[in-house]
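# A look at the structure
Next come the chains, spelled out residue by residue.
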Amino acid sequence: MTNNDILKKLRVALMLRDDQIVEILELVDFRITKSELGAFFRAEDHENYMECGDQVLRNFLNGLVIHLRGTKENPKNPNDVLAKHKAEIPKKESTKERPEFKASPKDAEKSRGDQRPSKSGTAAKKPFKKNNSKATPKIQVVEKVIYKNGKNKK
């Protein structure tokens with residue numbers, strides 16, 4: 001497992017954003033920009049992909065210990081810190097809570113599903129009637145053709 005994989009898994013497990021990772025690295029006086037950090041999380045075939053070095057991962061882990069546990073003078077409860085991270089993540093709206101999208105009808109007459117459309121305006125159309133009479137035979141437009149491609153079949 002590469003350093004990039006470890007960093008990605010820690011980021012996901014702890015629900016950290018890029019700016020939070022930058023702050024954690026600053027706890028151990030290690031300065032890195034968001035764009036440099038973003039290069040670690042890119043796909044390996046991307047042109048701006050960069051391998052996470054041992055020094056970056058070591059400083060991140062040391063900063064993470066300070067971030068979660070605190071210092072000797074100011075100790076923290078790691079569960080409280082993780083709960084704070086979880087609370088900062090914006091919750092996605094579930095499809096059940098969101099109202100169903102209904103497009104506004106172009107014509108007010110069409111939106112009245114329980115009523116018949118009026119005879120005036122653009123909505124006045126004749127209803128489509130299916131012809132169910134079997135009295136009219138189906139006319140065959142194309143007759144059956146025998147193809148001769150020059151080969152004699154026996």
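Because the structure is predicted, anything quoted here is derived from the model rather than measured.

Rules used in this analysis
Residues numbered from 1 in each chain as written. Predicted model: local features only at pLDDT ≥ 70, side-chain atom pairs only at ≥ 80, totals over all residues. Heavy atoms only, no water. Axes fitted to C-alpha atoms, helices over the stretch in contact; angles between N-to-C directions. Helix = DSSP H or I, 4+ residues; strand = E, 2+ residues; numbered from the N terminus. Parallel < 35°, antiparallel > 145°, perpendicular 65-115°, else oblique. Left-handed = near helix turned anticlockwise from the far one by under 90°. Contact = heavy atoms within 4.5 Å. Buried < 20%, exposed > 50% of the residue type's maximum accessible area, 1.4 Å probe, protein only. Polar contact = N/O pair within 3.5 Å; in protein donor to acceptor, adjacent residues only side chain to side chain. Phe/Tyr/Trp six-rings, centres within 6.5 Å; stacked < 30°, edge-to-face > 60°. Lys NZ or Arg CZ within 6 Å of the ring centre and 35° of its normal.

Here the focus is the packing of helix H1 (residues 3-13) against helix H4 (residues 54-69). Across the interface, H1 lies against H4 with an axial gap of 10 Å and an inter-helix angle of 25 degrees. By the angle between their axes, H1 is roughly parallel relative to H4. Once H1 is placed against H4, the crossing between them reads as left-handed. On H4, the residues that touch Asn 3, Ile 6, Leu 7 and Leu 10 of H1 are Asp 54, Leu 57, Phe 60 and Leu 61.

A few words now on the side chain of Asn 59. Secondary-structure assignment places Asn 59 in helix H4. In this structure, Asn 59 is in contact with Leu 25, Val 28 and Phe 30, ignoring residues within four places of it in sequence.

With that settled, the discussion passes to the environment of Gln 55. Among the structural elements, Gln 55 can be located in helix H4. The exposure class assigned to Gln 55 is partly exposed, which follows from its relative accessible area of 46%. Expressed as a C-alpha distance, the spacing of Gln 55 and Phe 30, which sit 25 residues apart in the sequence, is 9.6 Å.

If you check which residues of helix H2 (residues 18-26) are buried, you get Gln 20, Ile 21, Val 22, Ile 24 and Leu 25. Elements that come into contact with the buried residues of H2 comprise H1, helix H3 (34-40), H4 and helix H5 (78-88).

Right, let's talk about the side chain of Asn 4 for a bit. For Asn 4, the location among the structural elements is in helix H1. Within the local environment of Asn 4, its side chain forms a polar contact with the side chain of Tyr 49, the two groups lying 3.1 Å apart. Within the local environment of Asn 4, its side chain forms a polar contact with the backbone oxygen of Met 50, the two atoms lying 3.2 Å apart. When neighbours within four sequence positions are excluded, Asn 4 is seen to be in contact with Phe 40, Tyr 49, Met 50, Glu 51 and Cys 52.

Within the chain, Met 15 stands out as a residue other than glycine whose phi angle is a positive 55 degrees. Relative to the elements of secondary structure, Met 15 occurs in the loop between H1 and H2. By relative accessible area, which is 31% here, Met 15 ends up partly exposed. Phi at Asp 29 is positive, roughly 55 degrees, even though this residue is not glycine. Tracing the sequence through the fold places Asp 29 in the loop between H2 and H3.

Our next topic: the packing of aromatic side chains. Scanning the model with the defined rule gives zero aromatic pairs in all. We note Arg 11 situated over the ring of Phe 41; from NZ or CZ to the ring centre the distance is 4.1 Å.

Distances and angles like these do not, on their own, reveal function.
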